[in-house]
Amino acid sequence: MKRPELVAVGTSLGGLNALTTLLGSLPEKFRVPIAIVQHRTLSPAGGGLAKLLQQQTRLTVLEAEDKMVLEPARIYLAPADYHLMIEEPGRLALSTDAPVRAARPSIDVLFQTAAALQRADSGDISGRESYNRYGRDVKPMVEKLGGRIIWHGKGDQLLIGDESASEPILGQ
C-alpha cells in the first residue's frame, strides 16, 4: 500500500476523546497532512478547539483558511460553521453551503471532496468516525479507493475496519 497523501478525520460532538487519543499517538515525524472535521457549536470566543488539540500533539494544529495549501506535518481543523473541502492542487476550501445531515462542518463533505481527488492507486484516505449510520455511508466510498475507516470503539479504543473488528490499533 502506498503512503497516504492525506488523512481525513471526522468526529461527532462526542468524539473529542478519540480525537485527542489519535493526535496524541502521532509521532513527531508524521509527515502526512491531516484534515479534521469535529462537529461542534459556534463559540463567540473561537479558536478554543485548535488550542486544545495543539496541547495533544507536537504537530502544528491550524484552523483552516480558505485556499490554504496543504503542507506536511500539519493538522488542519475545520472552523466552526464552515464545511472543510479538499481542492486541487492540495488546497483547502471553506464553504457556508447548507448543513449536511444537520451539521456544518460536515464529515461527509470532507470525505467526499477528499475521495473525489484520489485515484484508486494513489494511497489511503483514512477517516475516523464513530461507526454509526454515518460511518456505514462513508465506508464504501473510502474503501473503494483503498482507504481505511478507523473508528472509536469502547473506552479509548480506535479500531480499523467495521463494528466486527476485534483488534484495537490504539487504546485498551
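Keep in mind it's a predicted model, so treat the numbers as computed, not measured.

Caption draft 1: Looking closely at the overall build of the chain. When helices and strands are counted, the chain shows four helices and ten strands. Each helix and strand of the chain, ordered N terminal to C terminal, gives the series β-α-β-α-β-β-β-β-α-β-α-β-β-β. Counting over 172 residues, the chain shows a buried share of 48%. Considering only contacts in the chain between residues 6 or more positions apart, those separated by 24 or more positions represent 53%. When the accessible surface of the chain is totalled, it reaches about 8800 Å², and 51% of it is carbon and sulfur.

Caption draft 2: Spotlight on helix α3 (residues 107-116). When you tally the buried positions in α3, you get eight out of ten residues, the bulk of the element. The complete set of buried residues in α3 reads Ile107, Asp108, Val109, Leu110, Phe111, Thr113, Ala114 and Ala115. Structurally, the start of α3 carries an N-cap: the backbone nitrogen of Asp108 is 3.2 Å from a side-chain oxygen of Ser106.

Caption draft 3: Summary view of the pairing of strand β6 (residues 91-95). For β6, a buried count of four out of five residues is recorded, marking the element as mostly surrounded by other parts of the structure. Linking two consecutive strands that pair antiparallel, namely strand β5 (residues 83-87) and β6, is a turn of three residues; a positive phi of about 65° is found at Gly90 within it.

Caption draft 4: Spatial organisation of unusual backbone geometry. Following Arg104, the chain continues to Pro105 via a peptide bond in cis, the omega torsion being 15°. One can find Pro105 in the loop between β6 and α3. Phi at Asp81 takes a positive value of approximately 75°, unusual for a residue other than glycine. The residue Asp81 is located in the loop between β4 (74-77) and β5 in this model. Note on Asp81: relative accessible area 30%, which makes it partly exposed.

Caption draft 5: Region of interest: the confidence of the model for the chain. Mean pLDDT for the chain: 76, with 63% of residues reaching 70 or above. Per-residue pLDDT stays below 50 along residues 119-133; that stretch engages in 65 contacts with residues further than four places along the chain or on separate chains. A low-confidence stretch, residues 166-172 stays under pLDDT 50, and its non-local contacts, those more than four residues away or across chains, total 21 contacts.

Caption draft 6: Looking closely at the pattern of salt bridges. Applying the stated rule across the entire model yields five salt bridges. Across the pair Glu87 and Lys67 runs a salt bridge whose closest N-O atoms are separated by 3.0 Å. One end of the pair, Glu87, is in strand β5; the other, Lys67, is in the loop between β3 (60-63) and β4, and 20 residues separate them in sequence. Given a relative accessible area of 26%, Glu87 falls into the partly exposed group.

The rules behind these values
- Residues numbered from 1 in each chain as written.
- Predicted model: local features only at pLDDT ≥ 70, side-chain atom pairs only at ≥ 80, totals over all residues.
- Heavy atoms only, no water.
- Helix = DSSP H or I, 4+ residues; strand = E, 2+ residues; numbered from the N terminus.
- Buried < 20%, exposed > 50% of the residue type's maximum accessible area, 1.4 Å probe, protein only.
- Contact = heavy atoms within 4.5 Å.
- Areas by Shrake-Rupley, 256 points an atom, 1.4 Å probe, with all protein chains shown as cover.
- Polar contact = N/O pair within 3.5 Å; in protein donor to acceptor, adjacent residues only side chain to side chain.
- Pairing = 2+ DSSP bridges.
- pLDDT = per-residue confidence, 0-100.
- Salt bridge = Lys/Arg side-chain N within 4 Å of Asp/Glu carboxyl O.

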